[in-house]
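# Results of the structural survey
As a plain string of letters, each chain reads:
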Amino acid sequence: MAEQKYQAILAVISDGLSVSQVASKVGVSRQTVHAWLARYEAEGLEGLADRSHRPVSCPHQIPAVVEAAVVELRRSRPYWGPRRLVFELGRRGVEPVPSESAVYRALVRATKPQVTGHSPDTGLRARCRHDDSAPATAGAPRRPPPGRSIRSCRTARARSMARHWARRCRSCRHPRTG
């Protein structure tokens, strides 16, 4: 990409083509070609290298020290919500005092559960290895026999449900065969 930018700059400077002609030939806007020219004049060839699109700063982000204070305060008082935590941070002189929504987001980030059932290499969910063409042997648990209520069959029903779910794959609940 830097070569393409350099060729466009050379076409404007040495060949004498207009910025509009070069922009249409390269397939970018005139403003982009002007920006390339300005960066080339200011920084040379290094100015034409691809740059990161990441913002330099995020002014509304909570400072790490304040986020650590929020998490520590929540660990000491797990029943306090964001509103009380903001109040306590202000009382303790933490600056800047974050908003309730910022405290909530910090708590969500701190308490995110670890993803299970995902490949550590790709981060994608592991696929079921069952053959879909095979007949499913596990059906729904049967109702209690006539004359017996569910209440009297509670333990039998629990055993039946345990057998029902034991015959299914843990990751996708696909019925196991055989």
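Residues numbered from 1 in each chain as written. Predicted model: local features only at pLDDT ≥ 70, side-chain atom pairs only at ≥ 80, totals over all residues. Heavy atoms only, no water.

Looking only at helices and strands, the protein features 7 helices and 0 strands. Counting every position in the protein, which comprises 178 residues, the buried fraction comes to 20%. Summarising the internal contacts of the protein: among those between residues at least 6 apart in sequence, 44% fall at separations of at least 24. Here the protein displays about 13800 Å² of accessible surface, and carbon together with sulfur accounts for 53% of that area. (Helix = DSSP H or I, 4+ residues; strand = E, 2+ residues; numbered from the N terminus. Buried < 20%, exposed > 50% of the residue type's maximum accessible area, 1.4 Å probe, protein only. Contact = heavy atoms within 4.5 Å. Areas by Shrake-Rupley, 256 points an atom, 1.4 Å probe, with all protein chains shown as cover.)

Another point: the side chain of K5. Assignment of secondary structure puts K5 in helix 1 (residues 2-13). Within polar-contact distance, the side chain of K5 engages the side chain of D50 at 3.2 Å. Residues in contact with K5, not counting those within four places in the same chain, are W36, R39, L48, A49 and D50. (Polar contact = N/O pair within 3.5 Å; in protein donor to acceptor, adjacent residues only side chain to side chain.)

Within soluble globular proteins, side chains that are nonpolar generally end up buried alongside one another. Counting 13 residues, the largest nonpolar core has I62, V70, L73, L85, L89, V103 and L107 as the members making the most contacts within it. Of all the secondary structure elements, the ones that give two or more residues to this core are helix 4 (64-76), helix 5 (82-91) and helix 6 (100-110). Element by element, the count of residues in this core is highest for helix 6, at 4 residues. If near-sequence neighbours (up to four positions away) are discounted, L89 is found in contact with A69, V70, L73, V94 and P98. With 11 residues, the next largest nonpolar core counts A11, V22, A23 and L48 among its residues. (Core = buried A, V, L, I, M, F, W, Y, C linked by side-chain atoms within 4.5 Å.)

Moving on: unusual backbone geometry. Omega for the bond connecting E95 with P96 falls within 30 degrees of zero, at -10°, which places this linkage in the cis form. Topologically, P96 is positioned in the loop between helix 5 and helix 6.

Turning to the pattern of salt bridges, a few remarks are in order. Opposite charge on two side chains permits pairing when their charged atoms draw close. Tallied over the full model, the rule gives 7 salt bridges. Notably, a salt bridge pairs E88 with R91, separated by 3.4 Å at the nearest N-O pair. Of the two residues, E88 and R91 both sit in helix 5, 3 residues apart, roughly one turn of that helix. On the basis of relative accessibility, which here comes to 2%, the residue E88 falls in the buried class. Between R92 and E88 there is a salt bridge, and its shortest N-O distance comes to 3.7 Å. Looking at R92, the relative accessible area reads 54%, which means it is exposed. Residues joined in a network through salt bridges with shared partners are R84, E88, R91 and R92. (Salt bridge = Lys/Arg side-chain N within 4 Å of Asp/Glu carboxyl O.)

Here S18 lies in the loop between helix 1 and helix 2 (19-26). Sequence-wise, S18 and R30 are 12 residues apart; in three dimensions their C-alpha atoms are separated by 9.7 Å.

Let us look at the packing of helix 2 against helix 3 (residues 30-43). In the contact formed by helix 2 and helix 3, the axes pass within 8 Å of each other and the chain directions differ by 105°. Put simply, helix 2 runs roughly perpendicular to helix 3. Contacts between helix 2 and helix 3 involve V19, S20, A23 and V26 from the former and R30, V33, H34, W36 and L37 from the latter. (Axes fitted to C-alpha atoms, helices over the stretch in contact; angles between N-to-C directions. Parallel < 35°, antiparallel > 145°, perpendicular 65-115°, else oblique.)

The next subject is the packing of aromatic side chains. Under the counting rule described, the total for this entry stands at 2 aromatic pairs. Between Y6 and Y40, the aromatic rings sit 6.1 Å apart at their centres with planes inclined by 55°, giving tilted as the arrangement. Of this pair, Y6 sits in helix 1 while Y40 sits in helix 3, placing them 34 residues apart in sequence. With a relative accessible area of 28%, Y6 lands in the partly exposed category. (Phe/Tyr/Trp six-rings, centres within 6.5 Å; stacked < 30°, edge-to-face > 60°.)

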